[in-house]
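# Working through the structure, step by step
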Amino acid sequence: MNRVVIVGSGGREHALADVLGRDADVIVTPGNAVIPNSVATSPLEIDADLFVIGPEAPLVAGLADQLREQGKLVFGPGSDGAQLEGSKAWMKDLVMEAGVPTARYGTFTEVDHAQTYLETMSPPYVIKTDGLAAGKGVLVTDSLREARTAVENYLSGSAFGGAGEKIVLEEGLIGPEISILAISDGKKAVALSPAQDFKRLLNNDLGPNTGGMGAYSPVPIASSSLVSDVLNNFIQPTIDTLIERGIDYRGVLYAGLMLTDGGPKLLEYNVRFGDPEAQVVLPRIETSLTNLLLEAASGDIKENPSFTSDAMVTIVCATEGYPTSPRMGDLITGIEEAIQSPGIEKVYVAGIDINEAQQPVTGGGRVLSVTGRGSTIQVARKNAYEGVDKIRWEGLQKRQDIAEGIE
Ligand code: AMP
Ligand code: GLY
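Please read these numbers as outputs of a predicted model, since none were measured by experiment.

So, about the pairing of strand E9 (residues 177-185). Here is the key point about a regular strand: its side chains alternate between the two faces of the sheet. Summarising burial for E9: eight of the nine residues are buried, a large majority. In the sheet, E9 pairs with strand E15 (residues 250-260) via nine bridges, with the strands oriented antiparallel. By the bridge assignment for E15, Ser-179 is matched with Gly-256. Bridge count for E9 against strand E10 (residues 189-191) is three bridges, and the pairing is antiparallel. In the sheet register, Ser-184 faces E10, and the bridge partner there is Ala-189. Taking the residues between adjacent antiparallel strands as the criterion, E9 and E10 are bridged by three residues, where Gly-186 takes a positive phi near 105°.

With that settled, consider the site of ligand 2. Surrounding ligand 2, one finds Asp-197, Lys-199, Gly-211, Tyr-254, Asn-270, Arg-272, Gly-274, Asp-275, Pro-276 and Glu-277. Taking Arg-272, its side chain carries an N or O atom lying 2.8 Å from an oxygen atom of ligand 2. Taking 200 Å² as the accessible area of ligand 2 by itself, protein coverage stands at 91%.

Spatial strand order, E10-E9-E15-E16: four strands in an open sheet with antiparallel pairing. Since the sheet does not close on itself, it has two edges, and those belong to E10 and strand E16 (263-270), each with one partner. Recorded for the sheet is a direction-independent mean angle of 35° between the axes of neighbouring strands. One ladder, built from seven bridges, connects E15 with E16; its direction is antiparallel. Bridge assignment links Gly-256 to a residue of E16, and that residue is Glu-268. Across the sheet, helix H8 (residues 224-244) is in contact with E9, E10, E15 and E16; its angle to E16 comes to roughly 50°.

The interhelical angle for the contact between helix H1 (residues 11-20) and helix H10 (residues 289-298), taken along N-to-C directions, is 105°, at an axis separation of 8 Å. Our classification of the angle between H1 and H10 gives roughly perpendicular. In this structure, H1 contributes Leu-16, Val-19 and Leu-20 to the contact, and H10 contributes Leu-289, Thr-290 and Leu-293. Among the residues forming the contact of H1 with H10, the class breakdown is five nonpolar, one polar and no charged.

On to the site of ligand 1, then. Taken together, the neighbourhood of ligand 1 is formed by 16 residues, with Lys-128, Glu-170, Leu-173, Glu-177 and Glu-268 sitting nearest. With respect to ligand 1, the side chain of Glu-170 contributes an N or O atom lying 2.8 Å from a nitrogen atom. Between ligand 1 and Leu-173 there is a distance of 2.8 Å, counted from a nitrogen atom to a backbone nitrogen or oxygen. Contact with the protein chains hides 92% of the accessible area of ligand 1, taken as 470 Å² for the molecule alone. At the level of elements, strand E6 (125-129), strand E7 (138-141), strand E8 (167-171) and E16 are the ones that each hand at least two residues to the shell around ligand 1. Counted by class, the shell around ligand 1 contains seven nonpolar, two polar and seven charged residues.

This brings us to the pattern of salt bridges. Counted under the stated rule, the structure contains 24 salt bridges. Glu-177 serves as the salt-bridge partner of Lys-199, at 3.9 Å between the closest nitrogen and oxygen. One end of the pair, Lys-199, is in the loop between strand E11 (196-197) and strand E12 (200-202); the other, Glu-177, is in strand E9, and 22 residues separate them in sequence. Since its relative accessible area comes to 30%, Glu-177 is described here as partly exposed. Asp-389 is the salt-bridge partner of Lys-398, the closest N and O atoms lying 3.1 Å from each other. Given a relative accessible area of 34%, Asp-389 falls into the partly exposed group. Taken together, the salt bridges that share partners define one network made up of Lys-88, Glu-177, Asp-197, Lys-199 and Glu-268.

Here we come to empty space enclosed by the protein. In this structure the tally under the stated criterion is one cavity of 30 Å³ or more. Put simply, the largest cavity is a space of about 40 Å³. Looking at the largest cavity, the residues that line it are Ile-53, Phe-75, Gly-76, Pro-77, Gly-251, Val-252, Val-271, Arg-272 and Phe-273. Per-class residue counts for the lining of the largest cavity are six nonpolar, two polar and one charged.

Quick look at the layout of surface pockets now. The computed volume of the second largest pocket comes to approximately 310 Å³. Taken together, 16 residues make up the lining of the second largest pocket; nearest its centre are Lys-136, Val-138, Phe-160, Pro-208 and Asn-209. Counting residues per element, the ones that place at least two in the lining of the second largest pocket are E7, helix H7 (144-156) and strand E13 (206-209). Of all the elements, H7 adds the most residues to the lining of the second largest pocket, at four residues. When its residues are assigned to classes, the lining of the second largest pocket shows nine nonpolar, five polar and two charged.

Conventions we followed
- Residues numbered from 1 in each chain as written.
- Chains lettered and ligands numbered in written order.
- Predicted model: local features only at pLDDT ≥ 70, side-chain atom pairs only at ≥ 80, totals over all residues.
- Heavy atoms only, no water.
- Buried < 20%, exposed > 50% of the residue type's maximum accessible area, 1.4 Å probe, protein only.
- Helix = DSSP H or I, 4+ residues; strand = E, 2+ residues; numbered from the N terminus.
- Pairing = 2+ DSSP bridges.
- Near = heavy atom within 4 Å.
- Polar contact = N/O pair within 3.5 Å; in protein donor to acceptor, adjacent residues only side chain to side chain.
- Areas by Shrake-Rupley, 256 points an atom, 1.4 Å probe, with all protein chains shown as cover.
- Axes fitted to C-alpha atoms, helices over the stretch in contact; angles between N-to-C directions.
- Contact = heavy atoms within 4.5 Å.
- Parallel < 35°, antiparallel > 145°, perpendicular 65-115°, else oblique.
- Nonpolar A, V, L, I, M, F, W, Y, C, P; charged D, E, K, R; others polar.
- Salt bridge = Lys/Arg side-chain N within 4 Å of Asp/Glu carboxyl O.
- 1 Å grid on protein atoms, 1.4 Å probe; cavity = no way out; pocket = protein on both sides within 12 Å on 5 of 7 lines; lining within 4 Å.
- Points joined across faces, edges and corners; volume = space filled by probe spheres on them.

Structure, rendered in structure tokens:
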């Protein structure tokens, strides 16, 4: 059996561990109190057939490069390719060169120049940190005043530190959003089944942006011709342009797309599996994920993955105060009941600590997500909510409208 090391500690890594664990021996570093085979050892000190790096920060910091220098087989881009997520300005320049449809934009470091550009735009105004901000660095607002204040706070460093000292201002696009995750071997890519996530904290897409409060897969509006269009006209030109820049990109190319009246447009690239998209897409895979990632890491994907027609819906539970100031240490009850609830695929854990009395307590902003399975999205949704409603702690935040009305 292949031995696979997964780097990371969240719900996405729990899903990766589960699905890769179907046909591989899995170790997770650092993992968490619930993910099986979590070890504190640095990945640089472990031997394995494959290394899969979950989060963006170690990719941007060059962990894949370090492991490759040791001769290891790695699924995940080097720090060069990881700039697709690590620098929005770099990403926008690259995709413009590749001819990928995306929002008009400008990149700024000076308040005056940014404010002048804002005057030329119409609402909604979109302000993004150039650097990583844990999924929270994007403001979309109809208020020019709020946009102007954000420009000042971002560029001064007071809002997001160094990540905001360069900003991207973008044309506001309108339409439904989908996530298409492609697996690239450096020359070509295959698509995973699409997902949709819910980035805002509150029902009806209100409240601040978060890392994601829920997701479902498959996505009825994402037809197979849309997926082919995205592979041919977004993903492949991006890989070709990366090659022109001397970048051998082996990992996930996650395209965040908006389906506008003028066709799909790229909002963002992530260089890793989405969280919580992974918790609905990965368990639906029927072929071997281990083989797919081994082939991608070796530079030659041989076949398309296939997916069950069953749908999955995941509901994220976050702590009080998330995303700005999550409160930790609240006692969690009901996890076993949720796992036993009909149609529950899995409870994926991101942030649980065990207290001195050996009880589970909240230990992160997004604590866990509960994935329900069903023959349709609505059946999966009902199962997911019946399961997740068993889980309690003080101040628990979850949305009630994940995948509502999706047929
Ligand atoms: P990003 O991290 O770039 O995906 O942005 C986070 C969220 O902000 C996206 O999922 C969208 O909901 C929203 N967003 C980003 N860019 C735009 C845009 N150009 N127009 C409208 N909404 C956007
Ligand atoms: N759910 C969005 C992300 O992983 O970036």
